[in-house]
Amino acid sequence: MRFNVTRLSLVLNLVLSSCVWLMFLRDEYVEQSTLVAVITQTNLSEKQLSCDWEEDEIIEDEAENSVLKKMYSDISECANSVVRPSSYQRGHYWVLENYLPAAYTFPCNNTITYTTHADYTFLNNLVPLTTRWQGPVSVAVYAPGDDFDNTINTIVYLRNCGSADITNLVTFHLYFDVSHFPSQVPPAEEVLTRKSECSQQVNLSSVSTYRYQQGLLYPVNVARNTARLAAKTYFVLPSDIELYPSINFIPEFFKMLRRSDSSSSTKPRVYVLSIFEVKEEITPPDTKTQLLYLLRRKKAIPFHTYVCKRCHNVPQAKMHILCVLDYEFHILDNAFLVHRPGIKKHSKDKARDELIQQQTAFINKHILPEYKKLYGNRSKCAM
């Protein structure tokens, strides 16, 4: 199969997070907008995003005019660094970076780190995620108060009973509020020696969490930044822990980078992945062929087809910046992400709707005017 890259100059609306966009695919089987995730470079600031993709024939030698040489020549200077546990304070939160490191280490210039975040009730998604990804994973886990012990127990259980990939590929960073400090923080060395009774599954009910009982909001930006900044590779893919990638993503991405690039453009690039949902009883597709089969039979749909689009308005400002800064957007058509099985339907939530309205009003009144002063404006970049 071949990964064709579509170049876009139109304005794309940002949704869900700083790395997920609402895009329009040219493929005949998709008649509506879909969501996409973006690979970014770890050496770029938060105002910048970049990456790529393709697939087909095996290419042994890198082309003289490859994307890798033209756009990412400094990747050869990428220095491998040792993963060392450390603790630091980020705003109102304590971060235990590399608290439980992966058993494997990776060269920084020939793989991609999947950076994600969760609380312990979502960590079971790491089993299918790592099986598909087969590369380093950096996950920030929110563990305030008594959730810290449950987080440790869940991680130990998954490392011992879930999958060898979790032990080998996943580095866990734990973080918690300064005002919700755990009763104790055991040494990582001691935690790594713990064993689990695999016949007894851990409790992953969100209702019983300390966070739920205390009414704590999930600090998503702290989580994203913690996972991303701890990554040791040149490229990272920031995404959601419930989004599973198509198989062979990493080797095919680097194949694409080494191919001849007919474009003369050296503008910064954003590479995007389509996201889909499948019915609850359906196994997530591994390849585009499998995905197309499910789409034709209405067993898979573009992500959040039945969820209100206005719920994704909050992050549009960052996409506006990328447009103003003249980024190119490249869609990877043979790579995709699929959400954990189960198609979401819109449900009324008064508290959530009120929060969305407040956030939207704040962005329109304060954030967008500030962005326009900092980055200017372009006629084709509309919100």
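Residues numbered from 1 in each chain as written. Predicted model: local features only at pLDDT ≥ 70, side-chain atom pairs only at ≥ 80, totals over all residues. Heavy atoms only, no water.

Novice: Could you clarify how one ought to interpret the overall build of the protein in this entry?
Specialist: Of regular secondary structure, the protein possesses 11 helices and 14 strands. By residue count, 52% of the 383 residues in the protein fall in the buried class. Residue pairs at least 24 apart in sequence account for 83% of intrachain contacts in the protein once pairs closer than 6 positions are excluded. Surface accessibility of the protein: about 18100 Å² in total, with carbon and sulfur atoms responsible for 49%. (Helix = DSSP H or I, 4+ residues; strand = E, 2+ residues; numbered from the N terminus. Buried < 20%, exposed > 50% of the residue type's maximum accessible area, 1.4 Å probe, protein only. Contact = heavy atoms within 4.5 Å. Areas by Shrake-Rupley, 256 points an atom, 1.4 Å probe, with all protein chains shown as cover.)

Novice: What's the story with the packing of aromatic side chains in this structure? I'm lost.
Specialist: Between two aromatic rings, the relevant description is the distance of the centres plus the angle of the planes. Taken as a whole and assessed by the stated rule, the structure comprises 17 aromatic pairs. Geometrically, the ring pair formed by tyrosine 114 and tryptophan 133 is edge-to-face, given 5.3 Å between the ring centres and 70° between the ring planes. One end of the pair, tyrosine 114, is in strand 7 (residues 112-119); the other, tryptophan 133, is in helix 2 (residues 126-133), with 19 residues separating them in the sequence. Considered together, tyrosine 114 and tryptophan 133 belong to a single accessibility category, that of buried residues. Seen in terms of ring centroids, phenylalanine 276 and phenylalanine 336 are 6.4 Å apart; in terms of plane orientation they differ by 80°. Their pairing is edge-to-face. You can see phenylalanine 276 sitting in strand 12 (residues 269-278) and its partner phenylalanine 336 sitting in strand 14 (residues 328-339), a full 60 residues away along the chain. Exposure class is identical for phenylalanine 276 and phenylalanine 336. Each is buried. Through pairs of rings, three or more aromatic residues link up here, namely Tyr72, Tyr114, Trp133, Tyr234, Phe235, Phe249, Phe253, Phe254 and Tyr271. (Phe/Tyr/Trp six-rings, centres within 6.5 Å; stacked < 30°, edge-to-face > 60°.)

Novice: I tried to follow the pairing of strand 5 (residues 86-90) on my own but got confused; where do I start?
Specialist: In the case of a regular strand, side chains alternate between the two sheet surfaces. Note: strand 5 against strand 6 (residues 93-100), 5 bridges, orientation antiparallel. Across the sheet, the residue bridging to tyrosine 88 is valine 95, located in strand 6. As consecutive antiparallel partners, strand 5 and strand 6 are separated by 2 residues, and within that stretch glycine 91 has a phi angle of approximately 65°, a positive value. (Pairing = 2+ DSSP bridges.)

Novice: How should I be thinking about the pairing of strand 9 (residues 170-177) in this particular structure?
Specialist: Along strand 9, 8 of the 8 residues are buried, which leaves the element largely enclosed by surrounding structure. The pairing of strand 6 with strand 9 spans 5 bridges and is classified as antiparallel. Of the residues in strand 9, the one forming a bridge with tyrosine 93 is aspartate 177. Two strands pair when backbone bridges link them, and strand 8 (residues 137-142) and strand 9 are joined in this way by 6 bridges, in the parallel orientation. Residue pairing across strands places valine 137 opposite valine 170, the latter belonging to strand 9.

Novice: What exactly am I supposed to notice about helix 9 (residues 288-296) here?
Specialist: Every α-helix carries 3.6 residues per turn, so stepping three or four residues along brings you back to the same face. Considered for burial, the residues of helix 9 that qualify are Lys288, Leu291, Leu292, Leu294 and Leu295. Viewed end-on, helix 9 has its buried residues packed into an arc of 165°, placing them on one side of the element. Relative to its buried face, helix 9 has exposed residues pointing more than 90 degrees away, namely Thr289 and Arg296. Contacts from the buried residues of helix 9 go to strand 12, strand 13 (300-302) and strand 14. Downstream of helix 9 by one or two residues, lysine 298 has phi in the positive range, about 60°. (Arc of directions from axis to C-beta.)

Novice: Looking at this structure, how should I read a positive patch on the surface?
Specialist: Together, Lys279, Arg296, Arg297, Lys299 and Lys345 line one region of the surface with positive charge. By relative accessible area, which is 58% here, arginine 296 ends up exposed. (Patch = residues over 30% accessible without salt bridge, like charges linked within 9 Å, V, L, I, M, F, W, Y side chains within 5 Å. Salt bridge = Lys/Arg side-chain N within 4 Å of Asp/Glu carboxyl O. Lys, Arg positive; Asp, Glu negative; His and termini not counted. Charge placed at Lys NZ, Arg CZ, Asp CG, Glu CD.)

Novice: Which parts of the structure should I look at to understand the confidence of the model for the protein?
Specialist: Caution is warranted with low-pLDDT regions, since their predicted coordinates should not be read in detail. Averaged over all residues, the pLDDT of the protein is 81; the fraction at 70 or higher stands at 81%. In the predicted structure, residues 1-59 sits below a pLDDT of 50 and forms 234 contacts with residues beyond four places in sequence or in another chain. Counting contacts from residues 310-315, a segment whose pLDDT is below 50, to residues more than four positions away or on other chains yields 14 contacts. (pLDDT = per-residue confidence, 0-100.)

Novice: How do you make sense of helix 8 (residues 249-258) when you look at a structure like this?
Specialist: For helix 8, the buried fraction is high: 8 of the 10 residues fall into the buried class. All of the buried residues in helix 8 are Phe249, Ile250, Glu252, Phe253, Phe254, Lys255, Met256 and Leu257.

Novice: What is the right way to read the nonpolar core from this model?
Specialist: Soluble globular proteins tend to bury their nonpolar side chains together. The biggest cluster of nonpolar side chains holds 62 residues, and the ones touching the most others in it are Leu123 and Phe172. The next biggest cluster of nonpolar side chains, apart from the first, holds 10 residues, and it includes Val95, Ala140, Tyr175 and Val222. (Core = buried A, V, L, I, M, F, W, Y, C linked by side-chain atoms within 4.5 Å.)

Novice: Is there a simple way to think about the pattern of salt bridges in this case?
Specialist: Side-chain pairs of opposite charge can arise whenever the charged atoms involved come near each other. Per the counting criterion, the structure on display carries 11 salt bridges. Here glutamate 64 makes a salt bridge to lysine 69, at a shortest N to O gap of 3.6 Å. Residue arginine 378 is joined to aspartate 326 by a salt bridge in which the shortest nitrogen-to-oxygen separation is 3.1 Å. Here arginine 378 is found in the segment after helix 11 (350-375), whereas its partner aspartate 326 is found in the loop between helix 10 (316-324) and strand 14, with 52 residues between them in sequence. Taking relative accessible area as the criterion, aspartate 326 reaches 22% and is therefore assigned partly exposed. The structure contains a network of salt bridges with shared partners spanning Lys70, Asp261, Arg269 and Glu328.

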